[in-house]
Amino acid sequence: GSKKCDSRGALIVLEGLDRCGKTSQCSRLLSSLEKSGHAVESWRFPDRNTGVGQMISSYLANDSHLDDRAIHLLFSANRWEKRSLMESKLRSGTTLIVDRYSFSGVAFSSAKGLDMEWCKAPEIGLLAPDLVVYLEISPEQAAERGGYGGERYEKLEFQKRVAESYKTLRDATWKIIDATLPIEDVEKQLREIVMESVLTCGEGKPLSELWP
Ligand code: TMP
């Protein structure tokens, strides 16, 4: 018969404030999935390797000035230029662990005062994640971790507004992990949630698009 059951990789997105520990959790998750024999890749946005990514990188380093809406659209374009590769990886069975996605796009730009619906519009039609994990930490605690690298958004007052935007954005499908727990505990919780999603996608859950 024509029973639809296309096994595919899962699109896993990690979100959170700067210094929430996302990046180290992404790499831990990557090695743990690799060790257990999964086809998996770790991605991140912004992807600073493309031409658009280099413009974003110079903006974040305060080496260039851009209109708030212009930079917002560049972040979005940076996801669009990876969309078809993303889809083919997923369909070929590779799970993608993605450090930041459209939710960062909306949370950071709306924290500047841009209208949230306006911010969401250019993301329409990008692939919808199968799972969004939010690593929760207060802006104050994140700042205490030190090592704000001095990039444009890495300031306490701004991160407070980003935290508020994330609150508005998140829905019942997001999984929240307390990012202030010991690193191994966060890792363990994350792995459990992710394995569940990898399993459902392996069983043929259809791919969908933003915003569901
Ligand atoms: P990174 O530190 O994870 O490389 O991200 C760089 C900064 O860019 C971070 O402060 C979050 C911000 N950002 C946006 O403003 N919009 C976006 O769409 C993305 C992906 C990140």
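Residues numbered from 1 in each chain as written. Predicted model: local features only at pLDDT ≥ 70, side-chain atom pairs only at ≥ 80, totals over all residues.

### As for the nonpolar core
Thinking step 1. Counting residues in hydrophobic clusters, the biggest one holds 41 residues, and the most contacted among them are Ile12, Val13, Val98, Ala107, Val133 and Leu135.
Thinking step 2. Mapped onto this core, the elements with two or more residues apiece are strand S1 (11-15), helix H1 (22-35), strand S3 (95-99), helix H5 (102-110), strand S4 (131-136), helix H8 (156-169) and helix H9 (183-202).
Thinking step 3. If we skip the residues at most four places from it in the chain, Val133 touches Leu14, Lys175, Ile177, Leu190 and Ile193. (Core = buried A, V, L, I, M, F, W, Y, C linked by C-beta atoms within 7 Å. Buried ≥ 20, exposed ≤ 12 C-beta atoms within 10 Å, placed from the backbone. Helix = DSSP H or I, 4+ residues; strand = E, 2+ residues; numbered from the N terminus. Contact = placed C-beta atoms within 7 Å.)

### Focus: the sheet that holds strand S5 (residues 175-178)
Thinking step 1. In space, the five strands of this open sheet follow the order S2-S3-S1-S4-S5, with parallel pairing throughout. Single-partner strands in this sheet number two, and they are strand S2 (40-44) and S5. Taken pair by pair, the neighbouring strands of this sheet meet at an average axis angle of 20°, ignoring direction.
Thinking step 2. Two elements, S1 and S4, share four bridges in a ladder whose sense is parallel. Bridge assignment links Glu15 to a residue of S4, and that residue is Tyr134. (Pairing = 2+ DSSP bridges. Axes fitted to C-alpha atoms, helices over the stretch in contact; angles between N-to-C directions.)

### What to know about unusual backbone geometry
Thinking step 1. Note the cis peptide between Phe45 and Pro46, where omega equals 0°.
Thinking step 2. Here the residue pair Leu210 and Trp211 is connected by a cis peptide bond, since its omega of -10° sits within 30 degrees of zero.
Thinking step 3. Position of Trp211 relative to the elements: it lies in the segment after H9.
Thinking step 4. Positive phi values are uncommon outside glycine, yet Asn62 reaches one of about 65°.
Thinking step 5. Among the secondary structure elements, Asn62 is positioned in the loop between helix H2 (51-60) and helix H3 (68-80).
Thinking step 6. Phi is positive for Arg100, close to 75°, though the residue is something other than glycine.
Thinking step 7. Residue placement: Arg100 occurs in the loop between S3 and H5.
Thinking step 8. On the neighbour-count criterion, Arg100 (23 C-beta atoms within 10 Å) is buried.

### A look at the confidence of the model for the chain
Thinking step 1. Predicted confidence across the chain gives a mean pLDDT of 96, with 98% of residues reaching 70 or more.
Thinking step 2. Taken element by element, the chain is modelled with least confidence in helix H7 (residues 139-144), mean pLDDT 95, and with most confidence in H3, mean pLDDT 99. (pLDDT = per-residue confidence, 0-100.)

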